Amino acid sequence: KSKESGRNLVRFFDPTLESAVRVRAELEGDLRAAIEHGQLQLYYQPQVAVHGCLTGAEALVRWNHPLRGVVSPADFIPLAEETGLIVQLGQFVLETACRQLAAWAGQPDFADLSIAVNVSARQLRQDDFVHQVQAALTRSGANPVRLKLELTESVLVDNVQEIIEKMLALREIGIGFALDDFGTGYSSLSYLKRLPLDQLKIDQTFVRDVLEDPSDATIARTIVALARALDLGVIAEGVETAAQLDFLREAGCYAYQGYFFSRPLPVVDFEAYVHRRTQRAVCPTA
Ligand code: C2E
Ligand code: MG
Ligand code: MG
Ligand code: MG
C-alpha cells in the first residue's frame, strides 16, 4: 500500500514525466478533434524541373490549432503514427489533394501540375490502402497520373512483397512513387531494384552543407548517379540557395524543391505564386 502510494507520489511529483504524459494525452485528443473539425490544412511547396518549369507541388499537412497556432507536422505525425490516427489523417490528406487536382484540371496554368502526397508506413500497411486511394480518385475525379505518393525507407521494414504488390496495383492506374528522404534510412540498395519507383528524393540533410562538406557533396552526386543509372528521376529537397542549386544542376539532378523557390504555401498563395511565374514566363509555354 505504502509502496504503491510512494510510487504514485514519485509520479505525481515528477513534473517532466507528468507533464509529458499530460501534454501527449491532450495532444492526442486535440488531434482526433482536429481531424473531425477540419483544423487540418494542406500547404503546397513547388517542385521545379531543371529547365525552370514548375512540375508540381508537395502537399504538406498543417494543423491550425486554436490555442497553439500552426503546429508543424514534425510535432504531430509521429504521435499520429503511434496512435493510429495517421490512417484518418492520411485519408484526409489524400482526399484533399485529389480534390485539389480535380479543381486544377480545368485551369490551363495548373492542369499539368502533379501533387506529391506523403504516405506513412502504417497507412500503406492498411489492407484497403489501394482501395482508399482509388476511392479518393474516383470521388474527386482527379487524374491518377497527376498523383504521386512519397514513401520513406521505413516502409521496407517488413512485408516488402505486400508493399510492392500495392505499389504495382496503384502504378497500374498511373500513380507515381518517390522514395523520400533517400539515404537516411537503413534499407538495402537491392530494394531499389525491386521497388516500382519513379523518383528518388535526396534528403535535405545532404543538400544543406553540400558546398561545405565534401562527404555530403559526394553523397548527393552519388544519389544522382544512382538514380540515373537505374533510370529513375531524382529531386533534391531543401534547396535554399542559388549556389546549392548550381551544384545540384552541375551534378545532373533533374528537379528541385526548397525555400530557394518557395516555402510551402496555403493553396491561395501557391496559386498566386504560379500566376506570378506564368506572367514572368519563367517557363516558356510548351
Ligand atoms: P518531408 O516529406 O521530407 O517534407 C520536407 C520537409 O522539409 C517539409 O517540412 C518542408 O517544409 C521542409 N522544407 C522544404 N524546403 C525546405 C528548405 O529549403 N529548407 C528547410 N530547412 N526545410 C525545407 P514539414 O512541412 O515540416 O514536414 C515535415 C515532415 O512531416 C515531412 O517531411 C513528412 O515526412 C511529414 N509530413 C508532412 N505532411 C505529411 C502528410 O500529409 N502525411 C504524412 N504521413 N507525413 C507528412
Ligand atoms: Mg515528402
Ligand atoms: Mg523528404
Ligand atoms: Mg525530409
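Not measured: the values here are computed from a predicted model.

Enquirer: Describe the overall build of the chain, with residues and values.
Expert: Of regular secondary structure, the chain possesses twelve helices and ten strands. In terms of overall size, the chain behaves like a compact globule, its C-alpha atoms giving a radius of gyration of 21 Å where 286 residues would be expected to give roughly 19 Å. With the C-alpha coordinates aligned to their principal axes, the bounding extent of the chain is approximately 75 × 45 × 40 Å. The proportion of buried residues among the 286 residues of the chain is 46%. When contacts within the chain are restricted to residue pairs at least 6 apart in sequence, long-range pairs at least 24 apart make up 65% of them.

Enquirer: Can you explain the coordination of the magnesium ion (ligand 4)? Please cite residues and give values.
Expert: Every protein donor of the magnesium ion (ligand 4) is accounted for by Asp181 (OD) and Glu237 (OE), and the metal-donor separations fall at 2.5 to 2.7 Å. Taken as a pair, the magnesium ion (ligand 4) and the magnesium ion (ligand 3) lie 2.9 Å from each other and share aspartate 181 as a ligand. Pair noted here: aspartate 181 is in strand E6 (residues 176–182) and glutamate 237 is in the loop between strand E8 (233–236) and helix H11 (242–251), with a separation of 56 residues, a long-range link.

Enquirer: Tell me about the site of ligand 1, and name the residues and values.
Expert: The local shell around ligand 1 holds 23 residues, among which Arg62, Asp180, Gln204, Glu240 and Tyr259 are the closest. The separation between a nitrogen atom of ligand 1 and a polar side-chain atom of glutamate 240 is 2.5 Å. Calculation on ligand 1 without its partners gives an accessible area of 800 Å², and the protein chains cover 84% of this total. Spatially, ligand 1 is embedded in the largest pocket. Where the shell around ligand 1 is concerned, the elements lending two or more residues are strand E2 (54–65), helix H3 (73–83), helix H4 (86–105) and E6. Here the shell around ligand 1 gets four residues from one element, more than from any other, and that element is E2. Broken down by class, the residue content of the shell around ligand 1 amounts to nine nonpolar, seven polar and seven charged.

Enquirer: Give a detailed account of the nonpolar core, specifying residues and quantitative values.
Expert: Core analysis: the biggest nonpolar cluster contains 82 residues, and Leu147 and Leu149 have the highest contact counts within it. A per-element tally of this core places H4 first, with nine residues. In contact with leucine 147, other than residues within four places in its own chain, are Leu94, Cys98, Leu101, Ile115, Val117, Val133, Leu137, Ile175 and Gly176.

Enquirer: Describe the coordination of the magnesium ion (ligand 2), listing the residues and the values that go with them.
Expert: The coordination sphere of the magnesium ion (ligand 2), as far as protein atoms go, consists of Glu58 (OE), Asn118 (OD1), Glu150 (OE) and Asp180 (OD), spread over 2.0 to 2.2 Å. Considered as a linear motif, the donors of the magnesium ion (ligand 2) on their single chain read E-x59-N-x31-E-x29-D. The metal-metal distance between the magnesium ion (ligand 2) and the magnesium ion (ligand 3) comes to 3.8 Å, with aspartate 180 coordinating both. Of this pair, glutamate 150 sits in strand E5 (residues 147–152) while aspartate 180 sits in strand E6, placing them 30 residues apart in sequence. Of the two residues examined, glutamate 150 and aspartate 180, each falls in the buried class.

Criteria and cut-off values
Numbers given for residues are sequential positions, taken from 1 along each chain in its written order. Naming scheme: in the order in which they are written, chains are lettered from A and ligands are numbered from 1. pLDDT decides what is reported in this predicted model: residues at 70 or higher carry local features, side-chain atom pairs at 80 or more are listed and counted, and totals for whole chains, interfaces and linings draw on all residues regardless. Remark: hydrogens and water are excluded; side-chain values derive from all non-hydrogen atoms of the structure. Segments assigned H or I by DSSP are reported as helices when at least four residues long, segments assigned E as strands when at least two residues long, and all are numbered from the N terminus. Computation of the radius of gyration draws on C-alpha atoms alone. For the globule rule, the value is 2.2 Å times the number of residues to the power 0.38. For every residue, the accessible area (1.4 Å probe, protein chains only) is compared with the maximum for its type, and the residue is labelled buried under 20%, exposed over 50%, or partly exposed between those bounds. Should any heavy atoms of two residues lie within 4.5 Å, those residues are counted as being in contact. Note that water is not among the atoms used; donors are N, O and S atoms within 2.8 Å of the metal (3.2 Å for Na, K and Ca), so sites may look incomplete. Proximity is defined per residue: any heavy atom of the residue falling within 4 Å of a molecule or strand makes that residue near it. In protein, a polar contact requires one atom able to donate a hydrogen and another able to accept it; more generally it is a pair of N or O atoms within 3.5 Å, and residues adjacent in sequence count only if both atoms are side-chain atoms. We get accessible surface area from the Shrake-Rupley algorithm with a probe of 1.4 Å; when it comes to residues, only the shown protein chains can shield them. Of the two site types, the cavity is a set of points on a 1 Å grid over the protein atoms alone where a 1.4 Å probe fits but cannot get out, and the pocket is an open set with protein on both sides within 12 Å along at least five of seven lines, each lined by residues with an atom within 4 Å of a point. In this description, a molecule resides in a pocket or cavity if more than half of its atoms sit within 2 Å of the grid points defining it. Only Asp, Glu, Lys and Arg are considered charged in this grouping, and only Ala, Val, Leu, Ile, Met, Phe, Trp, Tyr, Cys and Pro are considered nonpolar; every other residue, Gly among them, is considered polar. Residues grouped as a nonpolar core are buried Ala, Val, Leu, Ile, Met, Phe, Trp, Tyr and Cys residues, joined through side-chain atoms within 4.5 Å.

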